[in-house]
Amino acid sequence: MSDLDDRNVPSGRDSDGADEPVPEAAPEHTEADEDREKIPGIETPDISHAFSQAQFESVDRLAEPFTTREDRPEGEPETVTNTDVQNVVAATSATPTAALSGVAGAEALNPESAFNDMRDPMVAADGSRPTKKEVVRLGIGFTLSAVLCAIPWVALNSIILPAVLENINASGKESMLGAINAVGSIVALLANIIFGTLSDLTRSKWGKRSPWIIAGGIVAGLSVGAIMLVQHSYGAIMFFWCMAQMGYNIMLAPFVATMSDRVPDKFRGRVSGFYGAGIAAGQTLGSFVGAALLRQGQGGMNAGWMMGMGVFALIGIIVVAVWPREKSNEDEPREKFSVRMLLMSFRPPRHAPDFYYALAGRTLMMGGYWMINSYLLYIAQDYVFAGDSDANGKASALIATMSVITLIVSMIAALGAGPITDRIGRRKLPVALASCLFAVGSLMPLLFPSSVGMYLFAAIAGLGYGTYNAIDQALNVSVLPNPDEAGKDLGILNLANTLSTVIGSLLTSGIVLIVKASMGVTETPKQAYTVVFIVAIVIVLIAAWLIMRIKKVK
């Protein structure tokens, strides 16, 4: 008989006096067993067949040593050598690590070990087990929102708004755009943290995310529509643009937290991939739509603001209707509301280095992206077609063509990257490589300062950005230290979106102003955007290095 067979089979004697195994009586079914059976996703296999001898030995090495009545030193508490007792100690500790933490001579467990992670990948963080149909509805909602929000946002932010500011003051357009983006991003930064945290604390029969998503979309839509009425007032434009940023982030913070709440680990890479594909498609379509509207003159610009008003006001309602209804969380426990509790809820996570590497990496990556893409119209006018009498018309046509190229490559990347990373079980390395690919694409306009260089930028950087968008959100969710504070922590991670806009706007506008001052000119020289491309490449490569510093995620 093998050692494995001897594990739970005590010896006895048959009627002939020969030794034969006598099976143990089946243990009584206890309340603890019933509790374990109620845990979703936990099954009880036949251990004697499920484990090999080597695996049994590995489990034995994890067991906490218990002293017997006879062996315990004087003054030590009494325990028993019973595996059930060991199971109870492990189950009643916060984590398996805690169960072993006080054992002398016990080796520290690897924090990345599956021994510390008993989550069922088919169960979402909110405890629900969504069906495949519900997961599909969640994915459609994320993708639809990404596409429909990105189109007007990019069309307005990258094409229409810069054109409006150029009409107000052509010589100061870069600094005006930089100031609006910087101030608006600060408002967005605060709104993302504040309303992400408030959504974590919300208790209602409609859930904690849906009310904020709907309300934020309405605020953003009304604010964007108001800009159409004040296009000749720089101060009024800044005020309503900041209001639009606030409304958009009231919607965005709980929207992104929903991926952590309701999408199981098993499907998160795919849903994140479709979400990233939606962003990539919407942003490239936004550039195309913005360029087309700009060619229509003032009427087209007005239509752009109206488009933004309609999309933002309705998108929250549409997405909440597409998703499976969020369940009531009125009974969800929460600390008694107080000013102290509210202030403590804004506290950033501690002892979470991976979280901050992800935050810094995304901030710099997106900073390099916005250094170029927020100023795409000006780059086309003053870098590619510098000195051309028809620079404005050619710039619009160039951006439209670039948009088509970027759309194709980014969709291929985004739709393929999510499932591939799910299959290989990696997030960190693909995100870092995507950042490097964007840097290579940004090098093309330096080597070929022409339409060809910009087309190569659209293809290569678009491929990198599409891949990045497809998997970065899944990476962000993977580094969250506490699922119960997903709204707040993702709000902090989403600071990268707003901080990157500030960084990109200030760097580009600052570089342009410095180069103009050093050359003693009022018109933007071509050399200014040469420096812009170089700086963007450097900070994107730093972003890739920071992402590779993450330890918890492969």
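Calculation rules
Residues numbered from 1 in each chain as written. Predicted model: local features only at pLDDT ≥ 70, side-chain atom pairs only at ≥ 80, totals over all residues. Heavy atoms only, no water. Helix = DSSP H or I, 4+ residues; strand = E, 2+ residues; numbered from the N terminus. Buried < 20%, exposed > 50% of the residue type's maximum accessible area, 1.4 Å probe, protein only. Contact = heavy atoms within 4.5 Å. Areas by Shrake-Rupley, 256 points an atom, 1.4 Å probe, with all protein chains shown as cover. Core = buried A, V, L, I, M, F, W, Y, C linked by side-chain atoms within 4.5 Å. Expected span 1.5 Å × (residues − 1). Phe/Tyr/Trp six-rings, centres within 6.5 Å; stacked < 30°, edge-to-face > 60°. Lys NZ or Arg CZ within 6 Å of the ring centre and 35° of its normal. 1 Å grid on protein atoms, 1.4 Å probe; cavity = no way out; pocket = protein on both sides within 12 Å on 5 of 7 lines; lining within 4 Å. Points joined across faces, edges and corners; volume = space filled by probe spheres on them. Nonpolar A, V, L, I, M, F, W, Y, C, P; charged D, E, K, R; others polar.

S.K.: Can you lay out the overall build of the protein for me, pointing to particular residues and giving the numbers?
M.R.: From N to C terminus, the protein includes 20 helices and two strands. Taken over 554 residues, the protein has a buried fraction of 47%. The contacts of the protein with a sequence gap of at least 6 include a subset with a gap of at least 24, amounting to 78%. Carbon together with sulfur atoms contributes 62% to the accessible area of the protein, which is approximately 26,400 Å² in total.

S.K.: With reference to specific residues and values, describe the nonpolar core.
M.R.: Counting 106 residues, the largest nonpolar core has F255, Y275 and W305 as the members making the most contacts within it. Ranked by residue count, the leading element in this core is helix α6 (residues 132–168), at 13 residues.

S.K.: So what's going on with the side chain of S287? Which residues, and what values?
M.R.: The topology assignment puts S287 in helix α10 (residues 265–294). S287 gets classed as buried once you look at its relative accessible area, which sits at 10%. If near-sequence neighbours (up to four positions away) are discounted, S287 is found in contact with V154, I159, I399 and S403.

S.K.: So what's going on with the environment of V147? Residues and values would help.
M.R.: Relative to the assigned elements, V147 resides in helix α6. Spatially, the C-alpha atom of V147 lies 5.5 Å from that of I279, the residues being 132 residues apart in sequence. Excluding residues that lie within four positions of it along the chain, V147 makes contacts with G278 and G282.

S.K.: Any chance you could break down helix α7 (residues 173–201) for me, citing the residues and the numbers?
M.R.: Between its first and last C-alpha, α7 extends 42 Å over 29 residues, near the 42 Å set by a 1.5 Å rise per residue. With 21 of 29 residues buried, α7 lies mostly within the body of the structure.

S.K.: An account of the packing of aromatic side chains is needed here, citing residue identities and associated values.
M.R.: Scanning the entire structure with this criterion turns up 18 aromatic pairs. Considering the side-chain rings of F142 and Y275, the 5.9 Å spacing of their centres and the 75° angle between planes classify their relative orientation as edge-to-face. Of this pair, F142 sits in helix α6 while Y275 sits in helix α10, and the two are 133 residues apart along the sequence. For the residue pair F142 and Y275, the accessibility class agrees, reading buried in each case. Where F255 meets Y275, the ring centres are 5.9 Å apart and the plane angle is 50°; that geometry is what we call tilted. Here F255, found in helix α9 (residues 234–262), pairs with Y275, found in helix α10; they are 20 residues apart in sequence, far enough to count as distant. Through a chain of ring-to-ring contacts, the aromatic side chains of W153, W241, Y248, W305 and F312 assemble into a single cluster. Between K526 and the ring centre of Y383, over which it is positioned, the NZ or CZ distance is 5.6 Å.

S.K.: How would you sum up empty space enclosed by the protein? Please name residues and give values.
M.R.: Under the counting rule described, the total for this entry stands at two cavities of 30 Å³ or more. By volume, the largest cavity amounts to about 590 Å³. If you trace the largest cavity, you find 32 residues lining it, with Y248, L252, Q283, W370 and N497 closest to the centre. Elements represented by at least two residues in the lining of the largest cavity include exactly α6, α7, α9, α10, α13 (353–373), α17 (451–478) and α19 (495–519). Of the residues in the lining of the largest cavity, the class split is 17 nonpolar, 13 polar and two charged. When its volume is computed, the second largest cavity comes out at roughly 230 Å³. In this structure, the second largest cavity is lined by 21 residues; those nearest its centre are T284, S287, Y369, N373 and T406. Where the lining of the second largest cavity is concerned, the elements lending two or more residues are α6, α10, α13, α15 (391–424) and α17. In terms of residue class, the lining of the second largest cavity is built from 12 nonpolar, nine polar and no charged.

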